[in-house]
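If you want the building blocks of each chain, they are given just below.
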Amino acid sequence: MVSTAASATVSPAADLVAPVRSSEEFLIFGAPLICDEEEREILSSLRSGWLGTGPKVAQLEREFRDYKEAPYAVAVNSCTAALHLSMLAAGIGPGDEVITTALTFCATVNTIIHAGARPVLADVDPATFNIDPQDVAAKITSCTKAIVPVHFAGRACDMDALAAIAQQHGLMIIEDCAHAVETTYKGRRAGTFGTFGCFSFYVTKNMTTGEGGMILTTDEKHADRLKILALHGMSKDAWRRFSDDGYKHYYVVECGYKYNMMDIQAAIGIHQLRRIEKNWERRQEIWATYQNEFAGLPIGLPAQPDDGTRHAYHLYTVLIDPERTNLTRDQFIADMTTENIGVGVHYQSIPVHPYYQERFGWRPEDNPYSFRIGQQTVSLPLSPKLTDRDVADVVRAVYKVLHR
Ligand SMILES: Cc1ncc(COP(=O)(O)O)c(C=O)c1O
């Protein structure tokens, strides 16, 4: 357990004047833990001359697939690309509807639109922040083709309920696992429930490649198509065309995208994956420390992990309800920033954004739980890079801001 002695040390007057941290030591939200192994691996890629898609991407695909106990893995340059290609490989297009959560990053919704389909939003369960299966069932029409659940903050969605709905209505499941590398549900790994599971290796994620993503799929034909779509629609293995066997012709078999991952990115990811369990343990420790330290404060804390699941501890989110704290969420963010602690918001609900309001006529009140959470939520730092002192500073800052 991290030792913070937090709650005790906030009252002296001097503490109230000086920020908890100096501006030189601003605690960046989501800074990744990068070690010597990543640096050496990148250097070896640079020196080898093979910077683009090559053997290291193939290695990361194999090792990620094995870690997730999945049949096939295809690396891409973001989770956004992963979601977009999964929609296309699923055959989703104009005239189709895809149901997803109103509490997610915009990419989940944008990729449905990129595929030509219409996104339909379901509200979340107010305790878990995950998509509510009952609301999913209520939103199904004859045009519905797929459900895109997001394992929010690393907490597994109710996959039994979603799988039953999908089976009953003949729908595909495409899992948005941007937060859920380590998540399991009843012993099964997130990303292996749906026809596709999409992962993000963005800088702040549980493992990073800078920018990057991965798609898991159960079907070899889907995996082959995804590889083709990710590299201009060129025939599979076209990335080998400049190999030391000499130049090989490639053939364009459909109009694809430039979504491939580079070896320089995979060089980081290979070592991030090797450290995934160690980093998970550290985040679990920090998460538990926050839960203990904040238990008596007038703020909403995340629900404990559900039985039979493994939480990936991607985000630690608290709810700032002005009626309980006399402080708005945005004032809390401003005050934490004054204390030189970086925080995040995951997320304002999708219907608050003008583009979706104008295009689909969505109103925030239509998904009331997502809207309320989106107005009150703040994510505190949870990177494995945090030292015990960093964690203690976060706790002290929260106390100080709430007791001002
Ligand atoms: C839930 C969710 N889906 C999708 C994405 C998109 O991931 P990427 O930045 O790798 O494209 C993110 C990234 O923040 C996310 O949080």
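Structure shown above.
In this report, the structure presented in the accompanying data block is examined. Quantities reported herein were computed from a predicted structural model and do not represent experimental measurements.

### A few points about the side chain of Thr-325
Then comes step 1: In this structure, Thr-325 sits in helix 11 (residues 322-325).
Then comes step 2: Classification of Thr-325 as buried rests on a relative accessible area of 12%.
Then comes step 3: Those residues in contact with Thr-325 that sit more than four places away from it in its chain are Pro-298, Ile-299, Ile-320 and Leu-402.

### Details of the packing of helix 4 (residues 79-89) against helix 5 (residues 106-114)
Then comes step 1: Relative orientation of the contacting elements helix 4 and helix 5 amounts to 35 degrees, with a least axis distance of 9 Å. Once helix 4 is placed against helix 5, the crossing between them reads as right-handed. Contacts between helix 4 and helix 5 pair Thr-80, Leu-83, His-84 and Met-87 from the former with Ala-107, Thr-108, Thr-111, Ile-112 and His-114 from the latter.
Then comes step 2: Grouping the amino acids of the contact of helix 4 with helix 5 by side-chain chemistry returns 4 nonpolar, 5 polar and no charged.

### What to know about the nonpolar core
Then comes step 1: Grouped together as the largest cluster of nonpolar side chains are 30 residues, with contacts concentrated most on Tyr-290, Phe-294, Phe-332, Met-336, Leu-380 and Val-398.
Then comes step 2: Of all elements in the fold, only helix 10 (276-293), strand 11 (316-319), helix 12 (329-338), strand 12 (377-380) and helix 15 (388-402) reach the threshold of two or more residues within this core.
Then comes step 3: Of all hydrophobic cores here, the second largest spans 28 residues; its members include Val-74, Leu-88, Ala-178 and Leu-226.

### Points about helix 14 (residues 368-376)
Then comes step 1: Those residues of helix 14 not exposed but buried are Ser-370, Ile-373, Gly-374 and Gln-376.
Then comes step 2: Taken together, the buried residues of helix 14 touch strand 11, helix 12 and strand 12.

### Comments concerning the pattern of salt bridges
Then comes step 1: In this structure the tally under the stated criterion is 26 salt bridges.
Then comes step 2: The residue Asp-393 makes a salt bridge to Arg-21 at a minimum N-O spacing of 2.8 Å. Here Asp-393, found in helix 15, pairs with Arg-21, found in the loop between helix 1 (13-17) and helix 2 (36-48); they are 372 residues apart in sequence, far enough to count as distant. A single burial state applies to Asp-393 and to Arg-21, both of which are buried.
Then comes step 3: Across the salt bridge formed by Asp-393 and Arg-396, the nearest N and O atoms sit 3.5 Å from each other. One end of the pair, Asp-393, and the other, Arg-396, are both in helix 15, 3 residues apart, so they sit about a helical turn from each other.
Then comes step 4: Members of the salt-bridge network, linked through shared partners, are Arg-21, Glu-25, Arg-389, Asp-390, Asp-393 and Arg-396.

### Some points on the sheet that holds strand 3 (residues 118-122)
Then comes step 1: An order of 1-9-8-5-4-2-3 is seen for the 7 strands of this open sheet, with the pairing classed as mixed. Where the open sheet ends on each side, the last strands, each with one partner, are strand 1 (72-76) and strand 3. Taking the axes of each pair of neighbouring strands and ignoring which way they run, one obtains an average angle of 25 degrees across the sheet.
Then comes step 2: Judged from the 5 bridges that link them, strand 2 (residues 97-101) and strand 3 form a sheet pairing that is parallel. Directly across from Glu-97, in strand 3, lies its bridge partner Arg-118.

### As for the site of the ligand
Then comes step 1: By nearness alone, 16 residues border the ligand, and Thr-80, Asp-176, Ser-200, Lys-205 and Tyr-347 come closest of all.
Then comes step 2: Here an oxygen atom of the ligand sits 2.9 Å away from a polar atom, N or O, in the side chain of His-179.
Then comes step 3: Considering the ligand on its own, with 390 Å² of exposed area, one finds that the protein chains cover 93% of that surface.
Then comes step 4: Of all the secondary structure elements, the ones that give two or more residues to the shell around the ligand are helix 4 and helix 5.

### A closer look at the sheet that holds strand 10 (residues 309-310)
Then comes step 1: Taken in spatial order, the 3 strands make up an open sheet running 7-6-10, and their pairing is antiparallel. The open sheet has two free edges, formed respectively by strand 7 (188-189) and strand 10, since each of these has just one partner strand.

### What about the packing of aromatic side chains?
Then comes step 1: For the structure shown, the criterion picks out 16 aromatic pairs.
Then comes step 2: Here the aromatic rings of Trp-280 and Tyr-313 are separated by 5.7 Å at their centres, their planes lie at 45 degrees, and the arrangement is tilted. With Trp-280 in helix 10 and Tyr-313 in the loop between strand 10 and strand 11, this residue pair connects regions lying 33 residues apart in the sequence. In this structure, Trp-280 and Tyr-313 share a single accessibility class: buried.
Then comes step 3: Each member of the aromatic cluster is reached from another via a ring pair, and the members are Trp-280, Trp-287, Tyr-290, Phe-294, Tyr-313 and Tyr-316.

Conventions and cut-offs
- Residues numbered from 1 in each chain as written.
- Predicted model: local features only at pLDDT ≥ 70, side-chain atom pairs only at ≥ 80, totals over all residues.
- Heavy atoms only, no water.
- Helix = DSSP H or I, 4+ residues; strand = E, 2+ residues; numbered from the N terminus.
- Buried < 20%, exposed > 50% of the residue type's maximum accessible area, 1.4 Å probe, protein only.
- Contact = heavy atoms within 4.5 Å.
- Axes fitted to C-alpha atoms, helices over the stretch in contact; angles between N-to-C directions.
- Left-handed = near helix turned anticlockwise from the far one by under 90°.
- Nonpolar A, V, L, I, M, F, W, Y, C, P; charged D, E, K, R; others polar.
- Core = buried A, V, L, I, M, F, W, Y, C linked by side-chain atoms within 4.5 Å.
- Salt bridge = Lys/Arg side-chain N within 4 Å of Asp/Glu carboxyl O.
- Pairing = 2+ DSSP bridges.
- Near = heavy atom within 4 Å.
- Polar contact = N/O pair within 3.5 Å; in protein donor to acceptor, adjacent residues only side chain to side chain.
- Areas by Shrake-Rupley, 256 points an atom, 1.4 Å probe, with all protein chains shown as cover.
- Phe/Tyr/Trp six-rings, centres within 6.5 Å; stacked < 30°, edge-to-face > 60°.

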